[in-house]
Amino acid sequence: METFMRLYGNLIVFVYHCFDRIVINGYLSMLSRPENVVYFFHNVVGIPLITKDVLKQRTDDYQGWVKGFARNQNIPIQWAEKGVKKEEFVEPLLRRMERAKRYGVYFIFQSMEQGATLRSRKPKFATADPNYQVLSKCRSRFTHYYFYIRDPALGALVLRVASFLPFHTTYWLNGHNFIEVELKRSRVQFRKNDNAFLSVSNPKALQAAADRLSPQLIRQRLDYWTFVLGPKFSERERKAMNLHRFYAISQIEYCRNFIFKRHFPIRNLFERSCELGLLLLSADKISEFFGQRIRKKLKGKLHTTLERVEHGHHILRAYFKNAFVKQYEKFLTFLRGEVCSNNLADFHLKKALDNLPTVRQVLCEVTDRFSAFQAQTLNVHVDFALFQRLALPVVAGKSKIPGTKIHDTRLVRLMEVLLHSGRQMSAWRTAHIHQLITRTYNLKHYTLTQLRYDLRKLKAHGLLEREGRRYLYRLTDKGLKAALMFVLFHKRVCGPLAQSLFNRKPDPTPPVNSKLETAYRRADDSIQKIIDLLAA
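The rules behind the values
Residues numbered from 1 in each chain as written. Predicted model: local features only at pLDDT ≥ 70, side-chain atom pairs only at ≥ 80, totals over all residues. Heavy atoms only, no water. Phe/Tyr/Trp six-rings, centres within 6.5 Å; stacked < 30°, edge-to-face > 60°. Helix = DSSP H or I, 4+ residues; strand = E, 2+ residues; numbered from the N terminus. Buried < 20%, exposed > 50% of the residue type's maximum accessible area, 1.4 Å probe, protein only. Axes fitted to C-alpha atoms, helices over the stretch in contact; angles between N-to-C directions. Parallel < 35°, antiparallel > 145°, perpendicular 65-115°, else oblique. Contact = heavy atoms within 4.5 Å. Nonpolar A, V, L, I, M, F, W, Y, C, P; charged D, E, K, R; others polar. Pairing = 2+ DSSP bridges. Core = buried A, V, L, I, M, F, W, Y, C linked by side-chain atoms within 4.5 Å. Salt bridge = Lys/Arg side-chain N within 4 Å of Asp/Glu carboxyl O. 1 Å grid on protein atoms, 1.4 Å probe; cavity = no way out; pocket = protein on both sides within 12 Å on 5 of 7 lines; lining within 4 Å. Points joined across faces, edges and corners; volume = space filled by probe spheres on them.

**Focus on the packing of aromatic side chains**
Part 1 of the argument: Taken as a whole, this structure holds 26 aromatic pairs when the rule is applied.
Part 2 of the argument: Aromatic side chains F89 and F107 sit 5.7 Å apart centroid to centroid with 65° between the ring planes, which places their arrangement in the edge-to-face category. Of this pair, F89 sits in helix α4 (residues 86-100) while F107 sits in strand β3 (residues 104-121), and the two are 18 residues apart along the sequence.
Part 3 of the argument: Looking at F89, the relative accessible area reads 37%, which means it is partly exposed.
Part 4 of the argument: Taking the relative accessible area as the measure of exposure, F107 reaches 3% and is therefore buried.
Part 5 of the argument: Residues F290 and F347 carry aromatic rings whose centres are separated by 5.9 Å and whose planes lie at 45° to one another, so their mutual orientation is tilted. Highlighted residues: F290 in helix α10 (residues 283-290) and F347 in the loop between β13 (334-341) and α11 (356-377), separated in sequence by 57 residues.

Shown next, in the form of structure tokens:
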């Protein structure tokens, strides 16, 4: 990342890295195996015969509690419809909770999904124990409940609870929601849009808040909401079986965001990155990103692809086993590099929630190596559409001011006069500028009104500024560079090169004493080589 910042640091406002999407599975470890469930019903609950109705009774009790909870708390509950994105559907309700500064559950979805459960059946052959039942694991389709929660510490999160034993739970968290809560608590001003911070008054406080997301805090909040919204067990049952949740990371994303001052270089950088990524990201290079070795027996993917091309929002992905690193630009404001892991075993990491600090370190190094590779490939000239942007009109108040074009002779003359070295320390009066232009170029029909019109165009594009409230004008830093590009390219570079390319090319045989003419001929040769390469 140091190389990237050295190259483009002057274009970047701030950089931060944090966890993005975190998916956690919760298991009742003492009810995950059939033998544990048999002990629970026989020795704790006191039910000798575990039939289908006994298991169903637990499900009916919990489903009845959910409906009663939604009714008493006045929380909307409905079945999820096919093709409807749940997050977008509940977003207005979340915004309403935020405006009211309330916390808790604000919506419940019901969904029929595949999940792990237990099945009870009679043995195939008779046994001496009349209460003997075969209890086995299986997967079937049953009701799951999605609780949409606004938490005071973690922000917006989602809890999914399976309504059948062993009551597996799944949690969806987002690191940006946690950072938002922390920044509001610290009274740090920021602007957040669609899972990204576009501006912040204190970037160090933003990064410090991202680093404060700890497994202890996550476990504390998940235990609370699971106890409140999960299936109910009596105090005696919890103590007898030591019922508590084991949390395992199922999917995790870690992102590094580069927030730019202006949008003009982002698209060009990203397009160049996609081109070079598809060309240069070999299997060895991808394995270097992830810090792993390629073995003969490699399970999973190992390739680079460009996705969502048809939508115009390209995403560059490099896959390695069950993980991938991706990059995309959004809102023409920030460039994001992100690594996603669906199986932490690919990084030789354990999936327990306690290993979150190690996971942060490893995934942060992956994004760092990916940024370093891109900095090396992007250390080239990038297409900067300065002339194109200056040629576009600018809206100032209710008036529309035309753009400045490189072939506009009047503007080139004005810029050349403003670049006069003897007058750079002081500003210029309009009458003085008009006198110099007409005298230098022997103009008779260039009026003072036309000059004021040209000055207005330069001022609207940020190339010219006034000295306080006085009607004195001078070129800005941007204006100095743009004026040099206009004048030199128009008169010193483009003109002679175009003359030699299209009208008369100088004879290369006689020796040339001028260094400038020698440079022009070298430029001619270089242009001819490019033409030959394109023709080939």
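**Side note on the packing of helix α14 (residues 430-441) against helix α15 (residues 448-460)**
Part 1 of the argument: Closest axis-to-axis distance for the α14/α15 pair is 10 Å, and the angle between their directions is 110°. The pairing of α14 with α15 is recorded here as roughly perpendicular in orientation. Seen from α14, the contacting residues are T430, A431, I433, H434 and I437; seen from α15, they are L448, L451, R452 and L455.
Part 2 of the argument: Here the residues of the contact of α14 with α15 are counted per class, giving six nonpolar, two polar and one charged.

**Quick notes on the pairing of strand β6 (residues 169-174)**
Residues in a regular strand point their side chains to alternate faces of the sheet.
Part 1 of the argument: Most of β6 sits inside the fold, with six of its six residues counted as buried.
Part 2 of the argument: Of the two faces of β6, the one carrying T169, Y171 and L173 and the one carrying T170, W172 and N174 are both buried.
Part 3 of the argument: Pairing between strand β1 (residues 12-28) and β6: six bridges, direction antiparallel. What sits directly across from N25, in β6, is T170.
Part 4 of the argument: Strand direction decides the pairing type here: strand β5 (residues 155-162) and β6, joined by four bridges, are antiparallel. Across the sheet, residue V158 finds its bridge partner in β6, namely W172.
Part 5 of the argument: Taking the residues between adjacent antiparallel strands as the criterion, β5 and β6 are bridged by six residues, where F167 takes a positive phi near 55°.

**As for the nonpolar core**
Part 1 of the argument: Counting residues in hydrophobic clusters, the biggest one holds 67 residues, and the most contacted among them are I24, V105, F147, I179, I218, I252 and F290.
Part 2 of the argument: If you tally residues by element for this core, the top one is α11, at eight residues.
Part 3 of the argument: The contacts of V105, once residues within four sequence positions are left out, are F69, I75, F147, Y148, I149, W225 and L229.

**Some points on the environment of Y328**
Part 1 of the argument: Positionally, Y328 belongs in strand β12 (residues 323-330).
Part 2 of the argument: Between the C-alpha atoms of Y328 and I266, which are 62 residues apart in sequence, the distance is 9.9 Å.
Part 3 of the argument: With residues near it in sequence (within four places) discarded, Y328 still touches F270, H314, I315, F334, L335, R336 and E338.

**Brief notes about the sheet that holds β13**
Part 1 of the argument: Taken together, the 11 strands give an open sheet; going across it, the order is β2-β3-β4-β5-β6-β1-β9-β13-β12-β11-β10, and neighbouring strands pair in mixed fashion. At either margin of the open sheet sits one strand with a lone partner, and together these are β2 (77-79) and β10 (301-307). Geometrically, the sheet is characterised by an average inter-axis angle of 20° between neighbouring strands, direction not taken into account.
Part 2 of the argument: The pairing of β3 with strand β4 (residues 134-151) spans 17 bridges and is classified as antiparallel.

**A closer look at the pattern of salt bridges**
Once the charged atoms of two side chains with opposite charge are near each other, the side chains can pair.
Part 1 of the argument: Within the structure shown, the criterion is met by 17 salt bridges.
Part 2 of the argument: A salt bridge links E182 to R185, with the nearest nitrogen and oxygen atoms 2.7 Å apart. Of the two residues, E182 and R185 are both situated in helix α5 (residues 175-185); the distance of three residues between them amounts to about one turn of the helix.
Part 3 of the argument: Classification of E182 by relative accessible area gives buried; the value is 12%.

**Some details on the layout of surface pockets**
Part 1 of the argument: Here the largest pocket is characterised by a volume of approximately 1,800 Å³.
Part 2 of the argument: In terms of lining residues, the largest pocket is bounded by 49 residues, among which E87, N174, N177, D194 and N195 are the most central.
Part 3 of the argument: The biggest single contributor to the lining of the largest pocket is α4, with eight residues.

**A look at the pairing of β5**
Part 1 of the argument: Of all eight residues in β5, eight are buried, a share of seventy percent or more.
Part 2 of the argument: In the sheet, β4 pairs with β5 via eight bridges, with the strands oriented antiparallel. Paired with Y148 across the bridge in β5 is V158.
Part 3 of the argument: Between β4 and β5, which pair antiparallel and follow one another directly, the connecting turn spans three residues.

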